[in-house]
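Here is what each chain is made of, one letter per residue.
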Amino acid sequence: MSGKLFKAKAGKTSLTNTENDATMPEIRKTSRIKLLNKNKYLYALIALPVVYYIIFHYAPMYGIIVSFKDYNIVKGIMGSPWAGFKWYEKFLADPYFWKVVRNTFLLSLYNIAWGFPFPIIIALLLNEVRNRKFKKAIQSVTYLPHFISTVVVCGMLVSVLSSDGLVNNIIAGLGGERIQFLMYPEYFRTIYIISEVWQKAGWTSIIYLAALTGIDSSILDAATIDGANRMQRIRHVTLPAITPTIATLLIMDLGKMMNLGYEKVLLLYNGSTMETADIIATYVYRRGILQNSFSYATAVGLFQTVVGVVLLVMANQISKKLSETSLW
Amino acid sequence: MEKQHKKLISRTGNALFDIVTYVILTVLGFITLYPMWYILIVSVSSAQHINLGDISFWPRGLNFEAYKIVFENEKIWRAYANTILYTVSGTALQVILTAMCAYPLSRPDFYGRRILSIFTTLTMFISGGMIPLYLVIMNLHMINTIWAIILPPAISTYNMIVMRTSFQAIPHSLAESAYLDGANDIQIFAKIILPLSKAILATMTLFYAVAHWNSFFPAMLYLNDQAKYPVQVLMRDIIISGDMTGDTGDVTGSLNIVATNYKYAVIIISMIPILFVYPFLQKHFTKGVLLGAVKG
Amino acid sequence: MNNMTKKAIVTLLAIAMLVSFAFAGGSKESSDYGDYVKLDTWLVDEPTTVTVLLSDSAMQPIKNYAPAQQEIFKETGIKLEYQVVPFASYDEKKNVLLATNNWPDVAYVRPADVPMYAPVGIFEPLLQYVNEETMPNFYRFWVKYPDMKNFLVDGELYAFPVVARDESANGFGPVIRQDLLEKHGIATPQTFEELLDVLDQLHQLYPDTIPYTGRKGTSQLLKTTSYMLGSGYGQNGLYYDHDLGKYVFGPATQEFKAVLSWLNEAYERGILDPDFATTTAEQMESKLSSGRALFFLDNSGFGVNYTKSLQKIPGYEDAVFQIIPIPENSFGQRRAESYAKDLTDRFYVVNASSKNKEAVIKLIDWLYSDHGSDVSNYGVEGYSFEYNEEGQPEFLLSYLEQFRDASPSSYYAVYEDLGVTKLNFCLYACNTRTWFEIEKALGNWDEVSDEYWNIVNNDKAYVPPKIAPALTTEESERSTDILMELTTVLEQEYNKYIMGIEPIDNWDSVIAHCEELGARELEDIYNTALARSGSI
């Protein structure tokens, strides 16, 4: 198993690993101990993080069994009576739940489709700017929205989109009809996604910019001498250089598709838009959190987890094939 | 002749490319900046103009009353000190632990790497939920202490993976040559890898610091003593509660307790410190940090 | 590591150290109650600490060791320690604290929490204490208000209700720009139909205005208007119909069509705010107090404040928002429900695993006494109040004077300073009584306020709300389930009818759907419980 493992890994950073690969078939028990010994300082480094993960991530996971129980506060998680699949049956049998799943999936999908490329474009454009002051100014400006809390962003959206708000004033100025954007289900996803892009794109581009700083400028120079124009340089040099970063982030985004947070939707939706706006998180919030049904909320949480892991594994496999980048 | 022609095309192409780039970025800059600008000008405008909704590009009825009220509020100052404490100590801890976790996982020759990668990645998707985590923290006697704020989020797996990817880009030959000089992995990590990773460390510092600065939920949940609250808990309260007064049964009704400009002043003030950190860290993003080291 | 990084780290650590020292210094402030002398009035032998979970309030921030708390300690020997949760996060935090059973001796909870958590056993059963001997002061209210029996869950009392002291109740009511009616010689509308005509008329005179605005979306719109218009909505659809004498699920009735039709007409005639489903409380306030909106139907007490801010704007010096008597609806009724008058919707529960239960019960009973109420509403005798000839407490003007121009209002500033009244830990609580007294003493009381209370108090349309009957745990779970389903379906329907996307006749199919989901069963649960409570 370990042999296969190393081979899979070696592809990416293969600068020095050739001899490792060559010795691979000989690995047996004795060399395993040798390996452990050779890596002992690395184990020392990772020991603390592992302890951290065990205490703050794995220990609380026993809470998942709550979803198979009728949680009683006094009896605690362990002492509560078993309920079998009661909670799972409850939500899986609910047609409305599936509508909510569909909404979550679609909202996430559109969000990734529109939201994912933006930071990359911003980073690439900024990378092309030679005037350092301008570059710095734009960079500083685009990350600003990240500091505004969701409550404030939604407050601003409601006022900008109201019938006497900025957007409608522009529409009316152009001779159009005023539209109550927040009251029709067909606009909800667009509004949500634009605000997400607005808030996150500049910020996320920082990761790509950091990755771009690692590009060897001599390669770019060589490309220029070979007569490549700027678009070509971006396509053939810059973009491939940050592909691992892009792939990594995309895999993670796909894995988190089902886990959209509730706060923003909760602040933006209303009865008229629920048809497209109600997502798993808001559904659970209404049903689970406000009604204190922890078992129910945990059951839905586990469902989300399973879907998330499946999506993650799928995305990872695809990425492995296409770009040789893998999360593990 | 032909060569010259090509050059000309590429030159005009270049200029066009530049123009397009600059125009797009300027528009983007404006779109992102305007709402911030709006918050700022509203915070220094008079209540009447805010109610009339006629503020668009410049403050109207300029006054700094709202800021005066904020500065006179002792609670906010204390919350500020708390936020700084949580952010600085939390971020330091996070960056160190994340790097410690990311480095071994970035090493292709690290035995157990696959298992540990899965071990860490899984936590991004599976969680026991709010109540079990609360019970764990309670049993560790961390409720109402700073530890409940800085320890549970100590490693963001997302950031750890980003950092790992970045470590992977450092040529392994550097480590190899250090081995020959008799260095061990911890020394390589501290003396070669970290100094070469300033860009990513700066990015992570910024990411963690901002996340800490903006977080309110753990503080709200785990802290019981008002004197320990960070700014965000107060800010959220100031922003939301204005919307909740005068509910049924409340005879008294609304009293304009949280004037919009006061609210916006708090938002602006809560953002300022973290805005100052950014340019400082941005310096480290400069090109060629890594390259310089390899060549030298 | 190079020098730069080292320097940066050293600097950061130094800052962290400095700040943490400042922090440690800051937390020292929460000192204790200081020296004490044991008095005969003490309820305990040794000074005892009782912790209380409270929700903070933006209007009246709650602090520890306020004068009233000091006085309570002086007189009873009980040190109150408040654990204050930010208002905006109160529900989440309280739920976690209760769910992990890690909460103070006493907690402020919402009415719905009581039946939800009571069966679990974390709340102390209280009937054992409710007798002449153990709790003489609470017992007098128990006898005086038989309605309290409705607070029982499965035959047991788990929460102490806050009893109001001399409360003037108002409620939802129609409030209009009176000055404009007078200016244009428009008569006060007598029916809801006329109301629309009047608002239409004003709209034509002032085309740039939004005649009728509201807040917090459709559910608030229905809460405020349904009962007056002949149906009802309560908090979530289910309401008590005083004319029929029973519980009804409003949206599943023919009468509800009258509500939707009226709102639809208001919407189509351009009277109702086109953003009615998204307007926030803050937007409503800014529309009304800037002259952009002319009418609202909500907590009518808001009008006084809107008038004050409006009059500050040049050109609006004479503007007045005033309540009008409840108009007649299409069924020929004039009806409205006021806010609770005697028994409020604030409840305190006692932790069953508290070590100081005895002290807690004694303290709570003391707070129900007249003197305990004086201290927890008026503060400290000789410092903030004095007793008059009739033995009633009265604020000292010399004390009130410092709060004359306080923000958000003098009376909230007084409450905050002393740590008193309803929003604090107070069981026999003043609200309007102290409010009126303080405003009158400081000369902030005006004619508009007088006229307002005159109209509200003389309008026969108002009836006090019915206290919901006690449900068994099973009934309570079932009704929550049904309501959840109904709400999910209905929330998506209302706006379609108000905006005229669906014709009103189609509402019949919605009613049918509600019945499928158990609307009638829900009514039955409540009416059965109602009958049961009547027979106790």
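Everything numeric here is computed off the predicted structure, so don't read it as measured data. (Residues numbered from 1 in each chain as written. Chains lettered and ligands numbered in written order. Predicted model: local features only at pLDDT ≥ 70, side-chain atom pairs only at ≥ 80, totals over all residues.)

A. Focus on the overall build of chain B. The secondary structure content of chain B amounts to 15 helices and zero strands. For chain B, with 296 residues in total, the buried portion stands at 46%. Nonlocal contacts in chain B, meaning residues at least 24 apart in sequence, comprise 70% of its contacts between residues at least 6 apart. (Helix = DSSP H or I, 4+ residues; strand = E, 2+ residues; numbered from the N terminus. Buried ≥ 20, exposed ≤ 12 C-beta atoms within 10 Å, placed from the backbone. Contact = placed C-beta atoms within 7 Å.)

B. Highlighting the environment of P81 of chain A. Residues and elements named next belong to chain A. Among the secondary structure elements, P81 is positioned in the loop between α5 (76–79) and α6 (86–92). Distance in space between the C-alpha atoms of P81 and K256 is 32 Å, their sequence separation being 175 residues. If near-sequence neighbours (up to four positions away) are discounted, P81 is found in contact with K69 and D70.

C. Representation of the interface of chain B and chain A. Contacts between the two partners involve 79 residues from chain B, matched on the other side by 76 residues from chain A. If one sorts the elements of the side of chain B that touches chain A by residue count, helix α1 (residues 2–43) of chain B sits on top with 13 residues. A per-class count over the side of chain B that touches chain A returns 49 nonpolar, 22 polar and eight charged. (Nonpolar A, V, L, I, M, F, W, Y, C, P; charged D, E, K, R; others polar.)

D. Main features of the pairing of strand β4 (residues 159–164) of chain C. Residues and elements named next belong to chain C. Of all six residues that make up β4, six are buried, and the element is covered over most of its length. Alternating residues of β4 divide into A159, P161 and V163 and F160, V162 and A164, and every residue in both groups is buried. The sheet contact formed by β4 and strand β12 (residues 343–350) spans four bridges and is antiparallel. Note on β12: the bridge partner recorded for P161 is F347. Pairing of β4 with strand β15 (residues 428–429) involves two bridges; the strand directions are parallel. Across the sheet, the residue bridging to V163 is Y428, located in β15. (Pairing = 2+ DSSP bridges.)

E. Layout of the domain arrangement of chain B. Residue and element names in this part refer to chain B. On domain assignment, one finds that chain B holds domain 1 (2–52) and domain 2 (68–295). Of all the secondary structure elements, the ones that give two or more residues to the side of domain 1 that touches domain 2 are α1 and α2 (47–52). Take the side of domain 1 that touches domain 2: its biggest share by element is four residues, from α1. Residue composition of the side of domain 1 that touches domain 2, by class: five nonpolar, two polar and no charged. (Domains from an automatic or database assignment.)

F. Up close: the pairing of β12 of chain C. As judged from the four bridges shared by strand β3 (residues 106–109) of chain C and β12 of chain C, these two strands associate in the antiparallel manner. Bridge assignment links V106 of chain C to a residue of β12 of chain C, and that residue is V350 of chain C.

G. Expanded view of the interface of chain A and chain C. With 20 residues of chain A at the interface, the matching set in chain C holds 23 residues. Listing elements by their share of the side of chain A that touches chain C, those giving two or more residues are α10 (150–161) and α16 (274–277) of chain A. A breakdown of the residues in the side of chain A that touches chain C according to their chemical character gives eight nonpolar, ten polar and two charged.

H. Molecular detail of the nonpolar core. Counting 300 residues, the largest nonpolar core has Y158 and L427 of chain C as its most contacted members. The leading source of residues in this core is helix α4 (residues 74–106) of chain B, at twelve residues. Discounting residues that sit within four places of it in the chain, Y158 of chain C has contacts with V114, A118, F123, P125, L126, V153 and V349 of chain C. (Core = buried A, V, L, I, M, F, W, Y, C linked by C-beta atoms within 7 Å.)

I. Inspection of the confidence of the model for chain B at higher detail. Residue and element names in this part refer to chain B. For chain B, per-residue confidence averages 80 on the pLDDT scale, and 84% of positions sit at 70 or higher. The secondary structure element of chain B with the lowest average pLDDT is helix α15 (residues 289–295), at 33, and the one with the highest is helix α7 (residues 147–150), at 94. Overall, residues 245–257 carries pLDDT values under 50, and its contacts beyond four positions in sequence, including any with other chains, amount to 42 contacts. Confidence over residues 286–296 falls short of pLDDT 50; this stretch has eleven contacts with residues more than four positions distant or in other chains. (pLDDT = per-residue confidence, 0-100.)

J. The arrangement of helix α13 (residues 370–378) of chain C in detail. Residue and element names in this part refer to chain C. Of all nine residues making up α13, seven are buried, and the element is well covered by its neighbours. Where α13 is concerned, the buried positions are G372, S373, D374, V375, S376, N377 and Y378. The elements touched by buried residues of α13 are α2 (67–76), α12 (357–368), β13 (385–387), β14 (393–395), β15 and α16 (432–441). Taken from the residues just after α13, G379 is the one with a positive phi, measuring 90°.

K. Local environment of the sheet that holds strand β5 (residues 172–177) of chain C. Residues and elements named next belong to chain C. Taking strand neighbours across the sheet as the criterion, the four strands line up as β6-β9-β5-β10 in an open arrangement whose pairing is mixed. Two strands lie at the open edges of the sheet, namely β6 (210–212) and β10 (321–323), each paired on one side alone. Neighbouring strand axes in the sheet, compared pairwise and without regard to direction, differ in orientation by 30° on average. Relative to strand β9 (residues 293–299), β5 is paired through five bridges, and the arrangement is antiparallel. The residue of β9 that forms the bridge with F172 is N299. (Axes fitted to C-alpha atoms, helices over the stretch in contact; angles between N-to-C directions.)

L. Broad picture of the packing of helix α13 (residues 217–225) of chain A against helix α14 (residues 230–255) of chain A. Residues and elements named next belong to chain A. Orientation of α13 relative to α14, taken along the N-to-C sense of each, is 145°, at an axis distance of 10 Å. α13 and α14 meet at a crossing whose hand is right-handed. Facing I219, L220, A223 and T224 of α13, the residues of α14 in contact are R233, H236 and V237. In the contact of α13 with α14, the residues fall into four nonpolar, two polar and one charged. (Left-handed = near helix turned anticlockwise from the far one by under 90°.)

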